[in-house]
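Structural description and commentary
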Amino acid sequence: MPVAKETKPVAFIGLAMALLMIPLIAIAFRVAFVPLDSMLVIARELSIFAAAALLLVLVRRVEGQPWSSIGLRSITAGKAVVTVVIGLLACAAATVIGILLIQTLGLQFGGSTASFKPGPWLMCLIVLRAGVVEEFCFRAYAISRLESLTSRRVLSVGLPLVIFAAFHASQGLGGVLLAFLLGGVLSCLYLWRRNLWVNMAVHFLVDFIPNIVLPILAG
């Protein structure tokens, strides 16, 4: 549904928040606090959650849009499970392709060895925030509003995807490539179901399994 003329400025403000608030908060903490520690990482993650809450207020109170406008809609349990499984399999395939490309092209992948390494519980918070806030901002809100403003599907998907991938630059070019591939899968998943709950579940599991489950099993 096209955005009404009188609410277009608000939609642009929302888009700026959705596409830039996570990178800007992360950069601000990285620059202002060296080195990071557990409390600073918790403060960073909670700051991102708070910024996302402000965007939710904008959606309902300022834009006057329903929750369904950002993919918060019901879905049957069976359809949700099938979609999550398909999403995980597609993300697994994208990960394999990404790793092969990283190795073939000799791209750097991973953060600095001197950077702060969060423990399992703190990593759970980071993974939860990534799954919830990044899908809300880069997929549900950004794609929906850009579609309404421009009626251009390629731009609506491509612009948030490029910014999402660039946000992972701290992980090297390999991290950017992998984020681009996985973000592409998640974008397609959102276009298919238009359901934010499903996207958040897939994103959370894609991060949770390699960062939490596998290290525990290996240890």
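Scroll up to find the structure this text is about.
Scope of this entry: the structure provided in the associated data block. Source: prediction; values computed, not measured. (Residues numbered from 1 in each chain as written. Predicted model: local features only at pLDDT ≥ 70, side-chain atom pairs only at ≥ 80, totals over all residues. Heavy atoms only, no water.)

Concerning the environment of A140
Along the polypeptide, A140 turns up in helix 4 (residues 120-150). When the C-alpha positions of A140 and M200 are compared, they lie 10.0 Å apart, and in sequence the two are 60 residues distant. Residues contacting A140, with those up to four places away along its chain left out, are S69, I70, E135, Y190 and L196. (Helix = DSSP H or I, 4+ residues; strand = E, 2+ residues; numbered from the N terminus. Contact = heavy atoms within 4.5 Å.)

Focus on the nonpolar core
Soluble globular proteins: nonpolar side chains tend toward being buried together. M21, I22, L55, F136, C137 and Y141 are the most contacted members of the largest nonpolar core, which has 35 residues in total. Of all the secondary structure elements, the ones that give two or more residues to this core are helix 1 (8-32), helix 2 (38-62), helix 4, helix 5 (153-166), helix 6 (172-193) and helix 7 (196-218). Ignoring sequence-local partners within four residues, the contact set of L55 consists of G14, M17, A18, M21, F136, C137 and Y141. (Core = buried A, V, L, I, M, F, W, Y, C linked by side-chain atoms within 4.5 Å. Buried < 20%, exposed > 50% of the residue type's maximum accessible area, 1.4 Å probe, protein only.)

Re the state of the cysteines
On inspection of all chains with the given rule, the structure shows 0 disulfides. With no disulfide of its own, C188 lies closest to C91 among cysteine sulfurs, the gap being 10 Å. Of the residues examined, C188 reaches a relative accessible area of 52% and is grouped as exposed. (Disulfide = S-S within 2.5 Å.)

A few points about the pattern of salt bridges
When the charged atoms of two side chains with opposite charge come close together, those side chains can pair. Tallied over the entire structure, the rule returns 7 salt bridges. When the shortest N-O distance is used, the salt bridge between E134 and R129 registers 2.8 Å. As far as the burial class goes, E134 and R129 line up, both buried. E135 is the salt-bridge partner of R139, the closest N and O atoms lying 2.6 Å from each other. (Salt bridge = Lys/Arg side-chain N within 4 Å of Asp/Glu carboxyl O.)

Re the environment of P66
Tracing the chain through its elements places P66 in the loop between helix 2 and helix 3 (77-105). C-alpha separation for the pair P66 and Q171, spaced 105 residues apart in sequence, amounts to 36 Å. Each residue touching P66, except ones within four places of it in the same chain, is listed here: V59 and R60.

Details of the packing of aromatic side chains
By the definition in use, this model includes 3 aromatic pairs. Centre to centre, the rings of F29 and F33 are 5.4 Å apart; their planes meet at 40°, and the pair counts as tilted. When its relative accessible area of 35% is taken as the criterion, F33 is described as partly exposed. Ring centres of F204 and F208 lie 5.1 Å apart, and the angle between their planes is 20°; this geometry places the pair in the stacked category. Placement of the pair is F204 and F208 together in helix 7, with a separation of 4 residues, close to one helical turn. Assessed through its relative accessible area of 25%, F204 is described here as partly exposed. Judged by its relative accessible area of 22%, F208 is partly exposed. (Phe/Tyr/Trp six-rings, centres within 6.5 Å; stacked < 30°, edge-to-face > 60°.)

Re helix 6
In an α-helix, one full turn covers 3.6 residues, which means residues spaced three or four apart are oriented alike. A rise of 1.5 Å per residue sets the reference length of helix 6, with its 22 residues, at 32 Å; its end C-alpha atoms lie 32 Å apart and thus fit the reference within 8%. Following helix 6 by one or two positions, R194 adopts a phi angle in the positive range, close to 55°. (Expected span 1.5 Å × (residues − 1).)

With respect to the packing of helix 4 against helix 6
How two helices sit against one another is set out by the angle between their axes and by the gap between those axes. Where helix 4 contacts helix 6, the two axes come as close as 10 Å, and the packing angle between them is 55°. Comparing their axes, helix 6 and helix 4 come out oblique. Like other packed secondary-structure pairs, helix 4 and helix 6 cross with a definite hand, here right-handed. Contacts from E135, R139, A140, I143, S144 and E147 of helix 4 reach helix 6 at G183, L186, S187, Y190 and L191. Its residues placed into classes, the contact of helix 4 with helix 6 shows 5 nonpolar, 3 polar and 3 charged. (Axes fitted to C-alpha atoms, helices over the stretch in contact; angles between N-to-C directions. Parallel < 35°, antiparallel > 145°, perpendicular 65-115°, else oblique. Left-handed = near helix turned anticlockwise from the far one by under 90°. Nonpolar A, V, L, I, M, F, W, Y, C, P; charged D, E, K, R; others polar.)

Functional significance is not addressed by these values, which are geometric in nature.
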